[in-house]
Amino acid sequence: MTDETAGSMPEKDMPEAVVRKRTGISIVWIIPIVAAIIGAWVAYKSYSEIGPTISITFENAEGLEAGKTKVKYKDVDVGLVESIDLEKDLKHVMVTVQMNAGSKDYLTEKTRFWVVKARISGGTVSGLGTLLGGAYIAIDPVSGGKFVNKFVGLEQTPVVTTDQPGQHFLLKADTRGSLDVGAPIYFRQIKVGEVV
């Protein structure tokens, strides 16, 4: 039995394959190229939103957690605590904070930080919002000065901040009487300040 009798075509009558070279880019490469462009855009966006890294020294880290505790100004998140470490002298803690982009202008030698947590003093209650959300670090930003990245945190919430009008006065008396930190000061029966 030959190829011709089996119903197949003879070798000389078979069509010859035509090989064509493709021009341009293959459609298979579009997906990796698009993925690379999106990845580069996300990396740029993440990098551009990172601000300076600062360190704040506190007496203790009560209520602070690395990766969770935020730095806030007027209830707006402006930074996040990255790590909490003991100082070499074991008397203080060093809190490392990653600030948001655009905060460098407000990190000067006059900028102050303190921990906001629920407190009762002098008959007043403060920081009740932290009972559910946890403690946070508050900032009193001061622009117009030299940039610094190391701060010493306040142990008490300041009474007067840069966004509130007010002044500090030093009064002297023979006895302390019933005055204590947080005690209200009245003028004509209107509260005008408190003892700091």
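Everything that follows concerns the structure shown earlier in this document.
Reading the values: the criteria
Residues numbered from 1 in each chain as written. Predicted model: local features only at pLDDT ≥ 70, side-chain atom pairs only at ≥ 80, totals over all residues. Heavy atoms only, no water. Salt bridge = Lys/Arg side-chain N within 4 Å of Asp/Glu carboxyl O. Helix = DSSP H or I, 4+ residues; strand = E, 2+ residues; numbered from the N terminus. Buried < 20%, exposed > 50% of the residue type's maximum accessible area, 1.4 Å probe, protein only. Pairing = 2+ DSSP bridges. Axes fitted to C-alpha atoms, helices over the stretch in contact; angles between N-to-C directions. Phe/Tyr/Trp six-rings, centres within 6.5 Å; stacked < 30°, edge-to-face > 60°. Lys NZ or Arg CZ within 6 Å of the ring centre and 35° of its normal. Contact = heavy atoms within 4.5 Å. Core = buried A, V, L, I, M, F, W, Y, C linked by side-chain atoms within 4.5 Å.

> Could you clarify how one ought to interpret the pattern of salt bridges in this entry?
Two side chains of opposite charge can pair, provided their charged atoms sit close to one another. Taken as a whole, this structure holds four salt bridges when the rule is applied. The residue Lys-68 makes a salt bridge to Glu-65 at a minimum N-O spacing of 3.7 Å. For Lys-70, the salt bridge identified is with Asp-77, shortest N-O distance 3.3 Å.

> Could you clarify how one ought to interpret unusual backbone geometry in this entry?
It is generally the case that most residues other than glycine have a negative phi and that most peptide bonds are trans. The residue Asp-75 is not glycine, and still its phi comes out positive at about 65°. On the secondary structure map, Asp-75 appears in the loop between strand S2 (70-73) and strand S3 (76-86). Located in the positive-phi region is Leu-90, a residue other than glycine, with phi close to 60°. On the accessibility criterion, Leu-90 (62% relative accessible area) is exposed.

> Sorry if this is basic, but what is going on with the sheet that holds S2 here?
Strands in a sheet are paired, the pairing made by backbone hydrogen bonds, and the direction either parallel or antiparallel. Ordered by their spatial adjacency, seven strands build an open sheet running S5-S8-S2-S3-S4-S1-S9, and the pairing between neighbours is mixed. Strand pairing shows two members of the sheet lacking a second neighbour, strand S5 (112-116) and strand S9 (150-152), which therefore form its edges. Neighbour-to-neighbour, the strand axes of the sheet open up by a mean angle of 30°, direction not taken into account. Judged from the two bridges that link them, S2 and strand S8 (residues 136-140) form a sheet pairing that is parallel. Across the sheet, Lys-72 pairs through a bridge with Ala-138, a residue of S8.

> What is the right way to read the packing of aromatic side chains from this model?
Aromatic rings in a pair are described by how distant their centres are and how their planes are angled relative to each other. For the structure on display, the rule yields one aromatic pair. Both rings, one in Phe-113 and one in Phe-151, keep their centres 4.9 Å apart while their planes meet at 65°; by these two values the pair is edge-to-face. Highlighted residues: Phe-113 in strand S5 and Phe-151 in strand S9, separated in sequence by 38 residues. Its guanidinium or amino end placed over the ring of Tyr-136, Lys-72 lies 5.0 Å from that ring's centre, counting from NZ or CZ. Residue placement shows Lys-104 over the ring face of Phe-147; its charged tip is 5.0 Å from the ring centre.

> Any chance you could explain the environment of Asp-85 here in plain terms?
For Asp-85, the location among the structural elements is in strand S3. Residues Asp-85 and Ala-61, spaced 24 residues apart in sequence, show a C-alpha to C-alpha distance of 9.1 Å. Setting aside its immediate chain neighbours within four residues, Asp-85 contacts His-92, Val-93 and Met-94.

> How should I be thinking about the pairing of S8 in this particular structure?
Both faces of the sheet carry side chains from a regular strand, because those side chains alternate between them. When you tally the buried positions in S8, you get five out of five residues, the bulk of the element. Burial along S8 is two-sided: the face carrying Tyr-136, Ala-138 and Asp-140 and the face carrying Ile-137 and Ile-139 are both buried.

> Please clarify how the nonpolar core should be interpreted in this entry.
One broad rule of soluble globular proteins: the nonpolar side chains tend to lie buried together. In this structure, Phe-113 and Ile-137 are the most contacted members of the largest nonpolar core, which totals 18 residues. Broken down by secondary-structure element, the contributors of at least two residues to this core are strand S1 (50-58), S3, strand S4 (93-100), S5 and S8. If you tally residues by element for this core, the top one is S4, at four residues.

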